[in-house]
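Observations on the three-dimensional arrangement
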Amino acid sequence: MKNMKKWLMATMACSTLLLASCSSSPEVASTENGRIRQDEFYERMKNETTSSGQKFGEQVLQQMILEDVLENAHGDAVTEEDVNAEYETEAEQYGGVEAFEELITAQGMTAEDLKQSIRTSLLVEEAIISYADFTDEEIQTAYDEYTVNSTVAHILVEDEETANDIIQQLNDGADFAELVQEYSTDTASVANNGEMELVEGQFLPEFEEAAMALDEEGEITQEPVQTDYGYHIIKLVEKGEKGTLEEERQNVIDSLVEERLADQEYVLEVISSLVADANVQIADEDLSNAMSAYMQPAESETTTEEDTTEETEDTTTEEESTETTDDSTSDESTDTGTDDAE
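Residue numbers here run from 1 along each chain, matching the order of that chain's written sequence. Per-residue local features are limited, in this predicted model, to residues with pLDDT of at least 70; the limit for side-chain atom pairs, both in listing and counting, is 80 or more; totals at the level of whole chains, interfaces and linings are taken over all residues. Side-chain calculation: all heavy atoms of the structure are included, whereas hydrogens and water are not.

**Let's talk about the overall build of the chain**
Basically, it comes down to this: Runs of E in the DSSP output that reach at least two residues are strands. Runs of H or I that reach at least four are helices, and both are numbered from the N terminus. A 1.4 Å probe rolled over the protein chains alone gives each residue an accessible area, and that area as a share of the maximum for its type sets the label: buried under 20%, exposed over 50%, partly exposed in between. Only heavy atoms matter for contacts: two residues are in contact if any of them lie within 4.5 Å across the pair. Computed with a 1.4 Å probe, the accessible areas rest on the Shrake-Rupley method; for each residue, only the protein chains presented here act as cover.
For the chain, the count of helices and strands is 15 helices and 6 strands. In the chain, which comprises 342 residues, the proportion classed as buried is 31%. Once local pairs closer than 6 in sequence are excluded, the contacts in the chain between residues at least 24 apart make up 62%. Carbon and sulfur atoms provide 45% of the accessible area of the chain, an area that totals close to 22000 Å².

Here it is, written out as C-alpha cells:
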C-alpha cells in the first residue's frame, strides 16, 4: 500500500510535465491497447474495495490523516535519533542492519518505509503517555507487581560431547562470547553473544529450570542442558534485582505504557480523541468514511446518552400511566362498593 501511495504521489508530482502532451488527464501508464490516465487511476484507487471491506483510497487517506494528526500533536517528542535507535534494535534481532534490510527488501519494503512505521508507533506511544497521565497510586501498584528479569547467555550445540568440551574450555578461562561465535547453532542469539532476557514461561522447562538455578553472575551450568533443540551451556550474565520505586519509576511507567498499547480499545480511544481535537474535514464525499473508525466512539457515546434519556422518559411515562390506571381502578372499586351498599 505504501508503494502504491508513493506511485500516486510521484505521478501527481510530474503531472505538470505530462499535461502538455496529453489531451485530457495526465498519463500514468500505457499499453498497446491504450493509456491509463491519472483521473482513472485516482477513481479506481479511491473506490476499489480491500478484503476488509474498506476502500483503498480510504485506507491511504486514513493513514495520511493519522500521521498528520500524530505529528501535529507529538512530533516534537520523537527525534530522528529515536527512530534510528529503534530501527537498529530491531535489526539486531535479525543479525544486524545488512541482514535485516535484505529481509525487508524481500518483503517489498524499504528501510524508509519501516522507519516511517517505527516513527508512527513511537508517536502513538507518546500519545498514550500524554493521555494516560498515570497517577502515583497507579505507579505504586504497578511497581509492587513489577519484576526484573535476569539476563542469561547460552551456547547451543548438537551433541553432548561438544557441550562437555565447551564447559571444560570455559572452566579453563575461555571467553564465553568467543565460544558463542565459534560453536552456537542458535542463529537468533549469536549476534548478541548468546544473551537473552530470562522471561519466566517463555523457555522450554528444562532450559528455564537450569537457568533459574544459577545464583551468581558469571556462573555457568556444569552439565549440558538437553532440550529438543540440542545441548545448552547457560551462563548467568546479570541477576535481576528490583531497585527502589525512584530507581525503577521510568521502567514501571514503560510497562504501564506497554499494557495500554496492548489494549486496542484504549488505543482507539486515545487516537479518536486526537482526531476529534484536529477537526478533520474530508471534502471528497466518496472518501467520507475514511475516519469513521476513529469518529464512531464519540458518536456512540452521544447516542447512548440520548438513548438513556429517551429510556428514562419512556420509563417515567410508563410509571405515570400505571399510576393513572391504578387510580382509575381504585376509583371504580370505590364506586362499585358504594353502589352495593346502597
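Alright, that's what it looks like, and here's the rest.
**Focus on the pattern of salt bridges**
The cut-off we apply is this: What makes a salt bridge here is a side-chain nitrogen of Lys or Arg within 4 Å of a carboxyl oxygen of Asp or Glu, nothing more.
A complete count under the given rule lists 9 salt bridges for this structure. Across the pair Arg35 and Glu27 runs a salt bridge whose closest N-O atoms are separated by 2.8 Å. Linked through salt bridges whose partners overlap, the residues forming this network are Glu43, Lys46, Asp284 and Asp286.

**What to know about the packing of aromatic side chains**
This is how the line gets drawn: A pair of Phe, Tyr and Trp rings is counted when the ring centres sit within 6.5 Å of each other, with Trp represented by its six-membered ring. The angle between the planes then sorts it: under 30 degrees is stacked, over 60 is edge-to-face, the rest tilted. Charge-over-ring placement is defined geometrically: NZ (Lys) or CZ (Arg) within 6 Å of the ring centre, and within 35 degrees of the ring normal.
Counted according to the given criterion, the structure contains 4 aromatic pairs. On the basis of an interplanar angle of 25 degrees and a centroid distance of 5.3 Å, the ring pair of Tyr94 and Phe100 is categorised as stacked. Across from the ring centre of Tyr143, 4.4 Å away, lies the NZ or CZ of Lys242, which sits over that ring. Directly above the aromatic system of Tyr266 lies the positively charged group of Arg260, at a separation of 5.4 Å from the ring centroid.

**A word on the packing of helix H7 (residues 111-132) against helix H13 (residues 245-262)**
Basically, it comes down to this: Fitting a line to C-alpha atoms yields each axis, with helices limited to the stretch in contact; the angle taken between N-to-C directions then spans 0 to 180 degrees. Orientation labels follow simple angle bins: below 35 degrees gives roughly parallel, above 145 gives roughly antiparallel, 65 to 115 gives roughly perpendicular, and whatever is left gives oblique. Gly counts as polar in this scheme, as do all residues outside two lists: the nonpolar Ala, Val, Leu, Ile, Met, Phe, Trp, Tyr, Cys and Pro, and the charged Asp, Glu, Lys and Arg.
The geometry of H7 relative to H13 is characterised by a closest axis approach of 10 Å and an angle of 110 degrees between their N-to-C directions. In terms of their interaxial angle, H7 and H13 are classed as roughly perpendicular. Contacts between H7 and H13 involve Val124, Glu125, Ile128 and Ile129 from the former and Val257, Arg260 and Leu261 from the latter. Class assignment for the residues of the contact of H7 with H13 results in 5 nonpolar, no polar and 2 charged.

**Things to note about unusual backbone geometry**
Phi is positive for Asn193, which is not a glycine, with a value near 55 degrees. Inspection of the secondary structure assignment puts Asn193 in the loop between helix H11 (187-190) and strand E4 (195-197). In the Ramachandran plot, Asn279 falls in the positive-phi region, its phi being about 50 degrees despite a non-glycine side chain. Relative to the helices and strands, Asn279 is located in the loop between helix H14 (264-278) and helix H15 (292-341). Take Asn279: its relative accessible area is 53%, and that puts it in the exposed class.

**Focus: the sheet that holds strand E6 (residues 230-238)**
Spelled out, the test is: Two strands form a pair only when DSSP identifies at least two bridges running between them.
Sheet architecture is open: 4 strands sit in the order E4-E3-E6-E5, paired in antiparallel fashion. Two strands close off the open sheet at either side, each with one partner strand: E4 and strand E5 (225-227). Each neighbouring strand pair of the sheet contributes to a mean axis angle of 45 degrees, computed without reference to strand direction. Strand contacts of helix H9 (residues 160-171): strand E3 (151-157) and E6, with the helix running at about 25 degrees to E6, the strand carrying the most contacts. The strands touched by helix H10 (residues 176-183) within the sheet are E3 and E6, with E3 carrying the most contacts at an inclination of about 35 degrees.

**Structural notes on the pairing of E6**
Examined bridge by bridge, E3 and E6 share 7 bridges and lie antiparallel to one another. The residue bridging Val152 from the neighbouring strand is Leu236, located in E6.

**Brief notes about the nonpolar core**
Convention followed: To qualify as a nonpolar core, a set must consist of buried Ala, Val, Leu, Ile, Met, Phe, Trp, Tyr and Cys residues joined through side-chain atoms within 4.5 Å.
The biggest cluster of nonpolar side chains holds 36 residues, and the ones touching the most others in it are Ile128, Phe134, Val252, Ile271, Val275 and Met291. Put simply, the parts of the chain that give this core at least two residues each are helix H4 (56-74), helix H5 (80-92), helix H6 (97-106), H7, helix H8 (136-145), H13 and H14. Not counting residues within four places of it along the chain, the set of residues in contact with Phe134 comprises Ile139, Ile253, Leu256, Val257 and Arg260. Counting residues in each nonpolar core, the second largest holds 14 residues, with Ile167, Phe176, Tyr231 and Ile233 among its members.

**Things to note about a negative patch on the surface**
Keep this limit in mind: Each patch is built from residues lacking any salt bridge and having more than 30% relative accessible area; the joining distance is 9 Å for like charges and 5 Å for nonpolar side chains (Val, Leu, Ile, Met, Phe, Trp, Tyr). A residue counts as positive if it is Lys or Arg and as negative if it is Asp or Glu; His and the chain ends are not included. Working definition for charges: the position is that of NZ of Lys, CZ of Arg, CG of Asp or CD of Glu.
Taken together, the side chains of Glu158, Asp159, Glu160, Glu161, Asp165 and Glu223 define an acidic patch exposed on the protein surface. Residue classification places Asp159 among the partly exposed residues on the basis of a relative accessible area of 35%.

**Things to note about the packing of H7 against H14**
Contact geometry for H7 and H14: axes closest at 10 Å, N-to-C directions at 90 degrees. Taken together, the axes of H7 and H14 are roughly perpendicular relative to one another. Counted together, Val124, Ala127, Ile128, Tyr131 and Ala132 of H7 and Tyr266, Val267, Glu269, Val270, Ile271, Ser273 and Leu274 of H14 form the full contact between these two elements. Split into classes, the residues belonging to the contact of H7 with H14 amount to 10 nonpolar, 1 polar and 1 charged.

**With respect to the pairing of E3**
Among the 7 residues of E3, 7 are classified as buried, and the element is accordingly described as predominantly covered. Burial along E3 is two-sided: the face carrying Thr151, Ala153, Ile155 and Val157 and the face carrying Val152, His154 and Leu156 are both buried. Bridge analysis of E3 against E4 gives 3 bridges, and the strand direction is antiparallel. Within the sheet, the bridge partner assigned to Ala153 lies in E4 and is Glu195.

That is the geometry; function is a separate question.
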